[in-house]
Amino acid sequence: MTVAVGEGTRRRTSPAVGVTFGLGLLAWIAFVAWATDMGMAAGPGTMGLSSVGFLVMWTLMMAAMMLPTVAPLVSLYARSVQHRPGRLVMFGAGYVLAWASTGVVAFGLASLFDELAQERPGTAHGVAVVALAGCGVYQLTPMKRWCLRHCRSPIGHLLTYANYKGTTRDLRAGSHHGLLCIGCCWMLMVGLVVVGVMNLPVMLGLAVLIALEKRWRYGEHLARAVGVGAILFAIAVAFAAGLAPGLNHPDKPMPMDEMSGTAPLTNRR
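Residues numbered from 1 in each chain as written. Predicted model: local features only at pLDDT ≥ 70, side-chain atom pairs only at ≥ 80, totals over all residues. Heavy atoms only, no water.

### Some details on empty space enclosed by the protein
Cut-off, in case you're wondering: The distinction between a cavity and a pocket rests on a 1 Å grid over the protein atoms alone: a 1.4 Å probe fits inside a cavity but cannot get out, while a pocket stays open yet meets protein on both sides within 12 Å along at least five of seven lines, and a residue with an atom within 4 Å of a point counts as lining. Grid points are joined across faces, edges and corners, and a volume is the space filled by probe spheres set on the points. Every helix listed is a DSSP run of H or I at least four residues long, and every strand listed is a run of E at least two residues long, numbered separately from the N terminus. Residues are grouped as follows: Ala, Val, Leu, Ile, Met, Phe, Trp, Tyr, Cys and Pro are nonpolar; Asp, Glu, Lys and Arg are charged; every other residue, Gly included, is polar.
For the structure shown, the criterion picks out 3 cavities of 30 Å³ or more. Each pocket or cavity is described by its volume, and for the largest cavity that value is around 60 Å³. As for the largest cavity, its lining consists of T69, V70, P72, L73, C151, P154, H177, C181, K214 and R215. Breaking the lining of the largest cavity down by element, the ones donating at least two residues are α4 (71-80), α9 (169-195) and α10 (200-215). Partitioning the lining of the largest cavity into residue classes produces 6 nonpolar, 2 polar and 2 charged. There is about 40 Å³ of room inside the second largest cavity. If you trace the second largest cavity, you find it lined by Q139, K144, R145, L148, E220, A223 and R224. Mapped onto the lining of the second largest cavity, the elements with two or more residues apiece are α7 (142-152) and α11 (219-239). Within the lining of the second largest cavity, the residues separate by chemical class into 2 nonpolar, 1 polar and 4 charged.

As structure tokens, then:
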């Protein structure tokens, strides 16, 4: 498998890029229509969805947010496989399946966060602060930089995928790249659950952020700036629990015993 990236090649836009962006746009439309129909807004937990419903919703979200960011690699991969539709479909399916699998973890986290918000709002508040701070710290780690650099350099992937053999090679190639993207962005998705899975403005913001991290020349600097920003946001949430609706029920005030860390006083005779 070889790829020649010449001057003429750079001037042409692969049809696969348009298809990738089109699928991402369709996923956005489907997700927004679904959320609007159900009257969903940013809030804690799974928003009343069953495990299957949540996984479908999560897969739509990930397809909407992540497919546009992988378009450059899809363009190169399309040329390397002579634009064979079947192989490109398998590559895309592997990528989406990798992200869809994270919905199992997201469902577990959302369910746990909902239970905490209902039963122990003080603990939920602390978890929100720790999760957001962890998101910020991860943005500054060598692992984040390593995954991001791999996502920013698709040519290197093609050299690896050229060695894949068998009928599932394209599916495995897509899954491999999906896993690298997960390594790059997983803590950002934890942050999304903290601020509410159905928080559309945050989803849009994260989609733009992830695209800039991967494609902008200053993407690595942006990732570090986002890390610092997430830590500052965690500090803000420490003083205002409402900033993290994924771990906060507005109609569920924090018990005084949790806020003070002491047991409630009993009446003395």
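### Re the packing of aromatic side chains
Worth spelling out the cut-off: Two aromatic rings, drawn from Phe, Tyr or Trp (for Trp, its six-membered ring), form a pair once their centres lie within 6.5 Å of each other, and the interplanar angle then sorts them: stacked below 30 degrees, edge-to-face above 60, tilted otherwise. Exposure categories follow from relative accessible area, calculated using a 1.4 Å probe and restricted to protein chains: below 20% of the type maximum is buried, above 50% is exposed, and the middle band is partly exposed. Geometrically, a charge over a ring is one whose NZ (Lys) or CZ (Arg) sits within 6 Å of the ring centre while staying within 35 degrees of the ring normal.
In total, this model carries 7 aromatic pairs according to the counting rule given. Judged by centre distance (5.4 Å) and plane angle (65°), the ring pair of F54 and F107 falls under edge-to-face. In this pair, F54 sits in helix α3 (residues 51-66) while F107 sits in helix α5 (residues 85-119), placing the two residues 53 residues apart along the sequence. Judged by its relative accessible area of 22%, F107 is partly exposed. Where Y77 meets F91, the ring centres are 4.3 Å apart and the plane angle is 20°; that geometry is what we call stacked. Of this pair, Y77 sits in helix α4 while F91 sits in helix α5; the two residues are 14 residues apart in sequence, bridging distant segments of the chain. For the pair formed by Y77 and F91, the shared burial category is buried. Within the aromatic cluster, the residues linked to one another by ring pairs are Y77, F91, Y161 and Y164. A cation over an aromatic ring shows up here: R172 above the ring of Y164, its NZ or CZ 5.1 Å from the ring centre.

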